[in-house]
Each structure stands twice: as structure tokens, then as C-alpha cells.
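Coordinate inspection notes
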Amino acid sequence: LEFRRCSSDLYGCIYANVLRSDLVRILSDALSRHPGVGIHYGLSAVSVVMEDDGATLQLDNGSALRADVVIGADGIRSMVQSAIHGRIPSRFSGAVAYRALVPRERVSHLPVEVTNRMGPDAHVVTYFVGEDARWLNLVCVVPDSSWQVESWTELGSADELRSAFRGWSDHLCEILDCVVDPVFRWALHDREPFEEWGSGCVTLLGDACHP
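Residues numbered from 1 in each chain as written. Predicted model: local features only at pLDDT ≥ 70, side-chain atom pairs only at ≥ 80, totals over all residues. Heavy atoms only, no water.

A few words on the environment of Gly200. Inspection of the secondary structure assignment puts Gly200 in the loop between β11 (198-199) and β12 (202-204). A sequence separation of 60 residues divides Gly200 from Cys140, and the C-alpha atoms of the two residues are 39 Å apart. (Helix = DSSP H or I, 4+ residues; strand = E, 2+ residues; numbered from the N terminus.)

This is the structure in C-alpha cells:
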């Protein structure tokens, strides 16, 4: 089965796909135009202490930051989430996602649409990202109980990906034939929803609260 989403008419608002590096640049450029806003790269927060009048973030370089508000958008293994709820292990879903980027010139015949191709126990989502839609992003989800590493940087391979979808439609196999390494794979984890996403001046966003 193949489903496509290409029109904002379906949602009443714009549906946008953005390359992560482009999004970081757009946000940092916008923030840099505001006086008094500082952006710190290459640092990780290792703890947060909630206080009556704010919170203190301890950073991995030994420094500390005082904040009126802390928003933890730090993923499924969120340190901020642990400060609010304690350490709660994630739950392996039994599925693994392969992710790859294909230069547009290799798939120039494809329309610029969000497409979900679904088959038995698996699916493939494709959409273009980057300026001038320069990359086709593939997210390919298959059942796999042997791989439980939840990471954005663990390597799979293009051959593994093609093997997982052998026998699917010629159209999809032609797209997968355009994939070259590096291909990344990670186990998909989740957890039960929290009744509360925040406490005091500290709250959560994204996978930190609803993976």
C-alpha cells in the first residue's frame, strides 16, 4: 500500500520537512538577532536542580547556569526527565529503523511528496529535505528483536536495508538500489506517557516526554 501527503489543504496549515542542520541554522540565526540571547554549542547538561525561584543546570565543562525556565528537549534518554520523574528505563518496541539520505539527482523522477509505503510488519517513509529538496530522506522500519541499541549514530548497511525489503514493489526496490552507505539503524524505544510533563519551572518537550 502506498500513501502520499503533499498538500497543506489536508491539514489547514503548511506541512514542512526540514533538514536538521538547516533547522539549527535557521533557529540560531533568528536567535542571534535578539540582544541578550546567548547560544552555547558543544555542551551537555549533566544535572538540573529545581529550586523555588528557578533552576540550576550543571554542564559537562564544570560550569553552571541559572535559569528561570528549563525545557528539556533532550530525547528519550532525557536527563531533565530523570530530574522530574527519576530514572525510568525505556521499553524496546521490537522494531528497528534504518535511515538514509539519497541525493536528489539519483531519484529526480520522484515527486516532492511525503510517502508512506506499507507492507506486512514493516513500512518505509520517504520525503525530501534540505534547500531545494536536495536529499531524499528514508526511514525504513522493520521488526528485529536482535538489535536493541537506541542511537542515532549506530551504523547499519545499505545491503542490510535492501535485504529487509526484498520482494517489495519494484518501485521501492529501485529507490533502495540508490542507497549507498552510510546507513544508520537504531532500535525504536518508547515508554508509557507521563501524567505530568513538568514540575515547577522545568518541563519536557518531544521524545523526552512522549517518545
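This part takes up unusual backbone geometry. Asp181 connects to Pro182 through a cis peptide bond whose omega is 10°. Position of Pro182 relative to the elements: it lies in the loop between α4 (170-176) and β10 (184-190). Its identity is not glycine, yet Asp121 carries a phi of approximately 65°, on the positive side. With respect to the helices and strands, Asp121 occurs in the loop between β7 (114-119) and β8 (122-129). Of note in the backbone geometry, Asp132 takes a positive phi value of approximately 60° without being a glycine. Counting through the fold element by element, Asp132 comes out in the loop between β8 and β9 (135-143). For Asp132, a relative accessible area of 65% corresponds to the exposed category. (Buried < 20%, exposed > 50% of the residue type's maximum accessible area, 1.4 Å probe, protein only.)

As a further point, take the pairing of β8. With 7 of 8 residues buried, β8 lies mostly within the body of the structure. Strand direction decides the pairing type here: β7 and β8, joined by 5 bridges, are antiparallel. Residue Gly119 lies in a different strand from β8, and its bridge partner there is Ala122. Taking the residues between adjacent antiparallel strands as the criterion, β8 and β9 are bridged by 5 residues, where Gly130 takes a positive phi near 90°. (Pairing = 2+ DSSP bridges.)

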